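A structural walkthrough
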Amino acid sequence: MRWNIDPTHSTAEFSVRHLMITNVKGRFGALSGTVDYDAANPEASKINVTIDATSIDTRDEKRDGHLKSADFFDVEKFPTVTFVSKKVTKGDDGLLATGDLTMHGVTKEITLEVETPSAPGKDPWGNTRIGASAHAKANRKDWGLNWNSALETGGVLVGEQVKINIEVSLTEAK
């Protein structure tokens, strides 16, 4: 069964180490896509997600501008981030969705750990919905996001490891 991502009730978030002290979180405000999912046959699932990289929001306009620049996402050349699954398997606590993540013009394979999607339910407008959560870790340098600055006290301004968290509300395609 095909499900459409509801962009107003879905988020793609990330966190990365800042100044070697804390994690800074951000999100992309615009995502879309489809998920083909049948609870009786989850291994046949297919996921296709597009994130608008220009919708990045870290609650700091200056930082957002820097992240959109050629130092990081280079949104003028690469306005989207995409994930297209290649296989879905059962994992210990849900599903593992392995696929191609394309960002900054680079495609690399990544595996998302997906909590088992919720049971279907009706919303007040008559739509059938399910929800799912996914997370992964990735090294930003694998996608050419290499900019950094050394700190006088040692270490770097921006960590390499990025934690990715995705929450999606899906409506049954009609």
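Here's a quick rundown of the structure. Position labels on residues start from 1 in each chain and follow its written sequence. Local features in this predicted model are restricted to residues of pLDDT 70 or higher, and side-chain atom pairs are both shown and tallied only at a pLDDT of 80 or more, whereas totals for entire chains, interfaces and linings draw on every residue. Excluded from the side-chain calculation are hydrogens and water; included are all heavy atoms of the structure.

Right, let's talk about the overall build of the protein for a bit. Comment: elements are numbered from the N terminus, with helices defined as DSSP H or I runs of at least four residues and strands as E runs of at least two. Looking only at helices and strands, one finds one helix and 12 strands in the protein. Along the protein, helices and strands appear, N-terminal first, in the series β-β-β-β-β-β-α-β-β-β-β-β-β. The principal-axis extent of the C-alpha atoms belonging to the protein is close to 55 × 35 × 30 Å. Looking at the protein residue by residue over its 174 residues, the buried ones come to 39%. Residue contacts are defined here by distance: any two heavy atoms, one from each residue, within 4.5 Å place the two residues in contact. If you take every contact in the protein between residues at least 6 apart in sequence, the share linking residues at least 24 apart comes to 54%. Each accessible area is a Shrake-Rupley result for a 1.4 Å probe, and residues are judged covered by the shown protein chains and nothing else. When the accessible surface of the protein is summed, it comes to about 9900 Å², and 51% of that surface belongs to carbon and sulfur atoms. When charges are counted, Lys and Arg contribute as positive and Asp and Glu as negative, whereas His and the chain ends are disregarded. The atoms used to mark charge sites are NZ of Lys, CZ of Arg, CG of Asp and CD of Glu. With 21 positive and 25 negative side-chain charges, the protein shows a separation of 1 Å between the mean positions of the two kinds. With a 1.4 Å probe rolled over the protein chains alone, any residue whose accessible area is under 20% of its type maximum counts as buried; one over 50% counts as exposed, and the rest are partly exposed.

Attention now goes to the packing of aromatic side chains. Only Phe, Tyr and Trp rings take part, Trp by its six-membered ring, and two of them pair if their centres are within 6.5 Å. Stacked means planes under 30 degrees apart, edge-to-face means over 60, and tilted covers everything else. Considering all chains together, one arrives at two aromatic pairs under this definition. Ring plane angle 90° and centroid distance 5.7 Å describe the contact between phenylalanine 28 and phenylalanine 73, whose orientation is recorded as edge-to-face. Remark: phenylalanine 73 occurs in the loop between helix 1 (61-68) and strand 7 (80-91) and phenylalanine 28 occurs in strand 3 (residues 22-28); sequence separation between them is 45 residues. Using a relative accessible area of 10% as the deciding quantity, one classes phenylalanine 73 as buried. One aromatic cluster is present, built from ring pairs that chain together Phe14, Phe28 and Phe73.

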